[in-house]
Amino acid sequence: MNLLIHDLTAAEWELAKDDYKDWTVISDNGTIRPCIGCFCCWTGGKGECVFRDGYENMGSLIHEADEMVVMSRYTYGGFSSFVKNVFDRSIGYVLPEFETAYGEMHHKKRYAGDRPVTFRFRGSALTKADKEKARNYVAAVCRNLRGTVKEVIFDECAPAKTGTAVPSPRSAGRSGILLADCSLRGKRSNTAVFLEKLREYMDVPAQILSLSDGISPDEAAAAVSRAGTVVLGVPLYVDGLPSPAIRLMEAVKEKYSGDPCRIYAVVNNGLYESRQNDNLLEMIKAWCSDCGFIYSGALAIGAGEVVGTLMRGQKHVLWPARNALIRLSALAKAVKGSEENGDDYADTFLFPRWLYILIANTNWQRLKKTAARGKQR
Ligand SMILES: Cc1cc2nc3c(=O)[nH]c(=O)nc-3n(C[C@H](O)[C@H](O)[C@H](O)COP(=O)(O)O)c2cc1C
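Counting restarts for each chain: residues are numbered from 1 in the order of the written sequence. Reporting of local features is limited, given that this is a predicted model, to residues whose pLDDT is at least 70; pairs of side-chain atoms are given and counted only at 80 or more, and all residues count toward the totals for whole chains, interfaces and linings.

## Description of the site of the ligand
So, step 1. In the vicinity of the ligand lie 23 residues, with Ser183, Pro235, Asn269, Gly270 and Leu271 positioned nearest.
So, step 2. Among the secondary structure elements, those contributing two or more residues to the shell around the ligand are α7 (190-202) and α11 (304-312).
So, step 3. Each helix corresponds to a stretch of at least 4 residues labelled H or I by DSSP, and each strand to a stretch of at least 2 residues labelled E; elements are numbered beginning at the N terminus. Considering every element that reaches the shell around the ligand, the biggest residue donor is α11, with 3 residues.
So, step 4. When grouped by side-chain class, the residues that make up the shell around the ligand number 7 nonpolar, 12 polar and 4 charged.
So, step 5. Domain extents, as shown, originate in an automatic or database domain assignment. Counting the residues that make up the shell around the ligand, at least three belong to each of domain 1 (2-156) and domain 2 (168-354). Near residues are defined by distance alone, with the backbone-placed C-beta atom required to lie within 6 Å of the molecule or strand. For this scheme, ten residues count as nonpolar: Ala, Val, Leu, Ile, Met, Phe, Trp, Tyr, Cys and Pro. Four count as charged, namely Asp, Glu, Lys and Arg, and the remainder, Gly too, count as polar.

## Considerations on the nonpolar core
So, step 1. Note on terminology: a nonpolar core is a set of buried residues of type Ala, Val, Leu, Ile, Met, Phe, Trp, Tyr or Cys, with members joined through C-beta atoms within 7 Å. Here exposure depends only on C-beta density: within 10 Å of a residue's C-beta, 20 or more other C-beta atoms make it buried, 12 or fewer make it exposed, and intermediate numbers make it partly exposed, the C-beta atoms being placed from the backbone. Ala180, Leu198, Val231 and Ala265 are the most contacted members of the largest nonpolar core, which has 105 residues in total.
So, step 2. The dominant element in this core, judged by the number of residues it contributes, is helix α10 (residues 278-291), at 8 residues.
So, step 3. Looking at which domains feed residues into this core, each of domain 1 (2-156) and domain 2 (168-354) gives three or more.
So, step 4. Setting aside residues no more than four positions away along its own chain, Val231 makes contact with Leu179, Ala180, Leu195, Leu198, Tyr264, Ala265, Val266 and Val335. Placing a C-beta atom from the backbone of each residue, one calls two residues in contact when those atoms lie within 7 Å.

## Points about the domain arrangement of the protein chain
So, step 1. Segmentation of the protein chain into domains returns domain 1 (2-156) and domain 2 (168-354).
So, step 2. Distance between the C-alpha centres of domain 1 and domain 2: 25 Å.
So, step 3. The interface is formed by 24 residues belonging to domain 1 together with 24 residues belonging to domain 2.
So, step 4. The set of elements that each furnish at least two residues to the side of domain 1 that touches domain 2 consists of α4 (81-88), β5 (104-109) and α5 (128-144).
So, step 5. Take the side of domain 1 that touches domain 2: its biggest share by element is 6 residues, from α5.
So, step 6. Along the lines of polarity and charge, the residues of the side of domain 1 that touches domain 2 split into 10 nonpolar, 10 polar and 4 charged.

## A short note on the sheet that holds strand β9 (residues 207-210)
So, step 1. A pair of strands counts as paired when DSSP detects no fewer than two bridges linking them. Strands sit in the order β9-β8-β10-β11-β12-β13 across an open sheet of 6 strands; the sheet is parallel. Each end of this open sheet is capped by a strand with a single partner; those strands are β9 and β13 (342-346). Adjacent strand axes in the sheet meet at a mean angle of 15 degrees when their direction is disregarded.
So, step 2. Each of β8 (177-181), β9 and β10 (229-235) is contacted by helix α8 (residues 217-226), which is oriented at about 150 degrees to β8, the strand it contacts most. The angle between two axes is taken between their N-to-C directions and runs from 0 to 180 degrees, where each axis is a line fitted to C-alpha atoms and a helix contributes only its stretch in contact.

## So, the packing of α8 against helix α9 (residues 243-256)
The angle between the axes and the distance between the axes are what describe a pair of packed helices.
So, step 1. Packing of α8 against α9 brings their axes to within 8 Å, and their N-to-C directions diverge by 60 degrees. It follows that α8 is oblique to α9 by the angle criterion. Crossing of α8 over α9 shows right-handed handedness. Taking contact as the criterion, the partners of Pro217, Asp218, Ala220, Ala221, Val224 and Ser225 in α8 are, on α9, Arg247, Leu248, Ala251, Val252, Lys255 and Tyr256. Oblique is the label for any angle not covered by the other classes, which are roughly parallel (under 35 degrees), roughly antiparallel (over 145) and roughly perpendicular (65 to 115). Handedness of a crossing is defined here by the sense of rotation of the near helix relative to the far one, left-handed for an anticlockwise turn of less than a right angle and right-handed for a clockwise turn.

## Brief notes about the pairing of strand β6 (residues 115-123)
So, step 1. Relative to β6, strand β3 (residues 67-73) runs parallel, the two sharing 5 bridges. Note on β6: the bridge partner recorded for Met71 is Arg120.
So, step 2. Pairing geometry for β6 and strand β7 (residues 147-156), over 9 bridges, is parallel. Looking across to β7, one finds that Val117 is bridged to Val149.
So, step 3. Orienting the strands away from the viewer, one traces the path from the first strand over the helix to the second; a clockwise path indicates a right-handed crossover. For the handedness criterion, the β-α-β arrangement of β6, α5 and β7 is classed as right-handed.

## Observations regarding α9
So, step 1. By definition here, a helix of n residues has an expected span of 1.5 Å times n minus one. Taking 1.5 Å per residue as the helical rise, α9 with its 14 residues ought to reach 20 Å, and the 19 Å between its terminal C-alpha atoms agrees with that figure.
So, step 2. In terms of burial, α9 is largely enclosed, as 11 of its 14 residues are buried.
So, step 3. Where α9 is concerned, the buried positions are Ser243, Pro244, Ala245, Ile246, Arg247, Leu248, Met249, Ala251, Val252, Lys253 and Tyr256.
So, step 4. A positive phi of about 90 degrees marks Gly258, the residue just after α9.

## Some details on the packing of α7 against α11
So, step 1. Contact geometry for α7 and α11: axes closest at 9 Å, N-to-C directions at 55 degrees. Accordingly, the angle class assigned to the pair α7 and α11 is oblique. For the element pair α7 and α11, the recorded crossing hand is left-handed. Mapping the contact onto sequence places Asn190, Val193, Phe194 and Lys197 in α7 and Gly304, Glu305, Gly308, Met311 and Arg312 in α11.
So, step 2. Here the contact of α7 with α11 is built from residues that sort into 3 nonpolar, 3 polar and 3 charged.

## Let's talk about the environment of His63
So, step 1. Among the structural elements, His63 can be located in helix α3 (residues 58-64).
So, step 2. Given 17 C-beta atoms within a 10 Å radius, His63 is considered partly exposed.
So, step 3. Distance from His63 to Leu3, taken between C-alpha atoms, is 9.9 Å for residues 60 residues apart in sequence.
So, step 4. Sequence-distant contacts of His63, defined by excluding residues within four places in its chain, comprise Tyr93 and Tyr111.

## Observations concerning the sheet that holds β3
So, step 1. Taken in spatial order, the 5 strands make up an open sheet running β2-β1-β3-β6-β7, and their pairing is parallel. Of all strands in the sheet, those bounded by a partner on one side alone are β2 (24-26) and β7. Each strand axis lies, on average, 15 degrees off the axis of its neighbour in the sheet, ignoring direction.
So, step 2. Relative to the sheet, α5 contacts β6 and β7, its axis offset from that of β7 by approximately 155 degrees.

As structure tokens, then:
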């Protein structure tokens, strides 16, 4: 079986389809749901997603494929929201347990062998730097999903359609600080904890908006359009932006670009190294430059699950979160004063990678057992 994941328009697909006659084709039929970060694909044991929308078996499909091709519109150095949605729903391809690989923390393989993947990006007048970003990005995706990049191809296409900018926000004037939580995990979101802490340190009124509250990308984009300063809170998903964040960014770009505001970001990732957020920060910067926004810096927090959990808890167990707290406080000062922050990184304090892997792997075993007991009942 050969597997194609694509986001081609109907007209583009008409031209391409003869080349993929007997392939299994994953395309946008309008039913795909975003990953909500519940990790049931991992705790359930088999890598299947709990959402039965036709995209629940991506891990095993990727495994069964002899050939795999991914076609995506080039979007801020990575995939379009649909293709990224499919990848966010594919983490069952690897196991939840961790090990050190390529000198970093990564997930263990569920399946033996290396999955080679061909990536085909469509873009308009992509520069050498744009192409380099995409190459770096897919290399990171393949390291993380324990596959290999077979080839990266760039195809020229017409520029993406952009709508007419809505004039009212500009004339009304932007004001206030918006903290936009792009995680769909609701109360369990580590991003929510970090943004709350940032607000506490800023000690000025700031609105928190969470994409998990069921607001549409257009409503969220309208909130972004009213704010003078926006702090994007973003979890790292498959080495880049989670698909709901891309949908929000696309909506902002379509309707409100050219109406400048200051953008900061607080990003976090589950793996140990905060530097694994670099591609994500590049994507946010590319979006800012595309929209004419003033990128003013970010904080990248590594081992976000540990740091987020500790920040919810008691003060005496906060030591591994020390760096994140110090840097959140510095970022709060920059946001409050509308100053440049630069890109800042917070790894855990006196909490080595081997210990994190040991604790996390024990925890995954416990979660899998609990899930199995739940199924038996
Ligand atoms: C679909 C999915 C993909 C993820 N991909 C990565 C990744 O590529 N690298 C990483 O370090 N963590 C990854 N994580 C872990 C999250 O970044 C981590 O759990 C983070 O703390 C979630 O933040 P939140 O609670 O604010 O959503 C992934 C999690 C999910 C659900």
